[in-house]
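Here is what each chain is made of, one letter per residue.
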Amino acid sequence: MHAIAEETVQARLILSAHRSVRLRVTLTYLPDDPLAVRMAFPAEFSLDDPADGGPDCDDIVWVFARPLLAAGLEVPTGIGDVHVRPALGRRTVVELRAPEGTAMVQFDTADLRRFLWRSRLLVPEGEEHLHLDADRALAQLLG
């Protein structure tokens, strides 16, 4: 069994300029997928049709590049569905875009730095290629 870096942190889902709600987010890093990080959000915060699932549904998981998260702590970064940028007061905003809408989630930057530090203990930056399994990745793509 491989070690993983996993941490559950408190974040805020930004609803408007003056409203937000607290939620827990589980951050996960798997050395078997060394270029990616995962953010899992409680299912009740999904933008999907409520008829598709109730409170017993699985968490919503976003997977994106670890370097994107790391860079976004310092400067605004991202193209496509995930954008990360520093915010006031030692915070970081992760913006997730889907056809159903956009979610802005604010984190304490220290929580994200700690998670990234733990991921780098497992796979240092620049050594990701040593952990890639091309055969497994191809098999996953081909289904």
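For every chain, the first residue of its written sequence is number 1, and the numbers climb from 1 along that sequence. Note on the predicted model: pLDDT of at least 70 is required for a residue's local features to be given, and 80 or more for side-chain atom pairs to be given and counted; whole-chain, interface and lining totals, by contrast, use all residues. Computation of side-chain values: all heavy atoms of the structure, hydrogens and water removed.

So, about the pattern of salt bridges. One side-chain nitrogen of Lys or Arg within 4 Å of one carboxyl oxygen of Asp or Glu is enough to make a salt bridge. All told, the structure shown has 9 salt bridges when counted by the stated rule. The partner of arginine 118 in a salt bridge is glutamate 7, with the nearest N and O atoms 3.4 Å apart. On the criterion of sequence distance, the pair formed by arginine 118 in helix α2 (residues 109–122) and glutamate 7 in strand β1 (residues 5–14) is long-range, its members being 111 residues apart. Throughout, exposure labels follow a simple rule: accessible area from a 1.4 Å probe, protein chains only, divided by the maximum for the residue type, with under 20% read as buried, over 50% as exposed, and the rest as partly exposed. The class for arginine 118 is partly exposed, based on a relative accessible area of 28%. For aspartate 33, the salt bridge goes to arginine 38, with nearest N and O atoms at 2.8 Å. Here the salt bridges share partners, and the residues they tie into one network are Glu7, Asp111, Arg114 and Arg118. Strands here are runs of E lasting at least two residues and helices are runs of H or I lasting at least four, both read from the DSSP assignment and numbered beginning at the N terminus.

Moving on to the sheet that holds β1. Pairing between strands is defined by DSSP: at least two bridges between them are needed. One open sheet holds the 7 strands; their spatial order is β4-β3-β2-β1-β7-β6-β5, and the pairing between them is antiparallel. The two strands at the open ends of the sheet, each matched to only one other strand, are β4 (60–65) and β5 (82–87). The average undirected angle you get between the axes of adjacent strands in this sheet is 30 degrees. Both β5 and strand β6 (residues 91–98) contribute to a ladder of 6 bridges, which runs antiparallel. For helices, the fitted axis covers only the stretch in contact; all axes are lines through C-alpha atoms, and the angles between them, taken along N-to-C directions, range from 0 to 180 degrees.

Turning to the nonpolar core, a few remarks are in order. Inside soluble globular proteins, nonpolar side chains tend to come together where they are buried. To form a nonpolar core, buried Ala, Val, Leu, Ile, Met, Phe, Trp, Tyr and Cys residues must be joined to one another through side-chain atoms within 4.5 Å. Ranked by size, the top nonpolar core spans 27 residues in total, and within it Val25, Met39, Phe41, Leu69, Val82 and Phe107 carry the most contacts. Throughout, a contact is declared for two residues whenever any of their heavy atoms are within 4.5 Å. In this structure, leucine 69 is in contact with Val37, Met39, Phe64, Val84, Leu112, Phe115 and Leu116, ignoring residues within four places of it in sequence.

The next point concerns the environment of valine 84. The topology assignment puts valine 84 in strand β5. Excluding residues that lie within four positions of it along the chain, valine 84 makes contacts with Leu68, Leu69, Gly72, Leu73, Val75, Pro76, Thr77, Thr92, Val93 and Val94.

So, about the pairing of β1. Of the two faces of β1, only one is covered, namely that formed by Ala5, Glu7, Val9, Ala11 and Leu13; the face formed by Glu6, Thr8, Gln10, Arg12 and Ile14 stays uncovered. By the bridge criterion, 10 bridges tie β1 to strand β2 (residues 20–29) in an arrangement that is antiparallel. Bridge pairing in β2 links isoleucine 14 to serine 20. Counting the residues between successive antiparallel strands, the hairpin from β1 to β2 contains 5 residues. Where β1 lies against strand β7 (residues 101–108), 4 bridges are found, and the strand directions are antiparallel. Counterpart to arginine 12 in the pairing with β7 is glutamine 106.

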